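# Coordinates in review
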Amino acid sequence: GNAFVSARVIGKRHWATHLHNVTFLEPRGHLIQVPCGSSEGCGAILDSGTSLIAAPGLALMQLSKQIPEIMKDCSNIDKLPTLHFVIDGKPFEL
């Protein structure tokens, strides 16, 4: 597959694009939808110069209640669920 994909820029001051369908499977197999704006999704600012993921407070609060605490050294990364999301119509996983 391609190592890089393109996304339409919708921001005027940032490299922002559309984000939709932010989900993950909880350990019991239930699909969890993380809130992301309206049914039209929300805007996402893409910054390849950082390893951080920022999100609206409500989305982060819901996500933090649904997944195990992330260790500071990321030693439990293999125990965390895969986060699925769509950026400008293209699926991604973390």
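Quick note: structure is the one above.
### Observations regarding the overall build of the protein
Tallying secondary structure elements over the protein gives one helix and five strands in all. Overall, the protein is about 40 × 30 × 30 Å in size when its C-alpha atoms are taken along their principal axes. Counting only residues that meet the buried cut, the protein has 23% of its 94 residues in that class. Once local pairs closer than 6 in sequence are excluded, the contacts in the protein between residues at least 24 apart make up 54%. Surface summary for the protein: the accessible area is close to 7500 Å², and the carbon and sulfur share equals 59%.

### Describing the packing of aromatic side chains
How two aromatic rings sit relative to each other is set out by the distance from centre to centre and by the angle between their planes. Tallied over the full model, the rule gives one aromatic pair. On the basis of an interplanar angle of 15° and a centroid distance of 5.8 Å, the ring pair of Phe85 and Phe92 is categorised as stacked.

### Topic: the pairing of strand 1 (residues 16-25)
Bridge count for strand 1 against strand 3 (residues 42-45) is four bridges, and the pairing is antiparallel. Note that in strand 3 the partner of Ala16 across the bridge is Ile45. Strand direction decides the pairing type here: strand 1 and strand 4 (residues 84-87), joined by three bridges, are antiparallel. Bridge assignment links Leu19 to a residue of strand 4, and that residue is Ile87. Bridge count for strand 1 against strand 2 (residues 31-33) is three bridges, and the pairing is antiparallel. Note that in strand 2 the partner of Leu25 across the bridge is Leu31. From the end of strand 1 to the start of strand 2, which pair antiparallel, there are five residues, and Gly29 there has a positive phi angle of about 95°.

### So, the pattern of salt bridges
On inspection of all chains with the given rule, the structure shows two salt bridges. With a shortest N-O distance of 2.6 Å, Arg8 and Asp88 are connected by a salt bridge. Of this pair, Arg8 sits in the segment before strand 1 while Asp88 sits in the loop between strand 4 and strand 5 (90-93), placing them 80 residues apart in sequence. Given the relative accessible area of 55%, Arg8 is considered exposed.

### A word on the environment of Glu93
In this structure, Glu93 sits in strand 5. Relative accessible area serves as the criterion here: at 57%, Glu93 is assigned to the exposed category. Distance from Glu93 to Thr23, taken between C-alpha atoms, is 9.6 Å for residues 70 residues apart in sequence. With sequence-adjacent residues up to four places away left out, Glu93 is seen in contact with Thr82, Leu83 and His84. Engagement of the side chain of Glu93 in a polar contact is seen with the side chain of His84, the distance being 3.4 Å.

Basis of the calculations
Each residue is numbered by its place in its chain's sequence as written, counting from 1. Where local features are concerned, this predicted model is filtered to residues with pLDDT of at least 70; where side-chain atom pairs are given and counted, the filter is 80 or more; whole-chain, interface and lining totals use all residues. Each side-chain value is worked out from all heavy atoms of the structure, with water and hydrogens disregarded. Per the convention used, a helix needs a DSSP run of H or I reaching at least four residues, while a strand needs a run of E reaching at least two, with both numbered from the N terminus. Each residue is placed in one exposure class: buried if its accessible area under a 1.4 Å probe, protein chains only, is under 20% of its type's maximum, exposed if it is over 50%, and partly exposed if it falls in between. Contact criterion: two residues are considered in contact whenever any of their non-hydrogen atoms come within 4.5 Å of each other. Exposure was quantified through the Shrake-Rupley algorithm and a 1.4 Å probe, taking into account, for residues, occlusion by the shown protein chains and nothing else. Aromatic pairs are defined between Phe, Tyr and Trp rings, using the six-membered ring for Trp, whenever the two ring centres lie within 6.5 Å; interplanar angles under 30 degrees are classed as stacked, those over 60 as edge-to-face, and all others as tilted. Two strands pair under a simple rule: DSSP has to find at least two bridges between them. The working definition used for a salt bridge is a side-chain nitrogen of Lys or Arg within 4 Å of a carboxyl oxygen of Asp or Glu. A 3.5 Å cut-off defines polar contacts: any pair of N or O atoms within that distance qualifies, except that in protein one atom must be a possible hydrogen donor and the other a possible acceptor, and neighbouring residues in sequence count only when both atoms are side-chain atoms.

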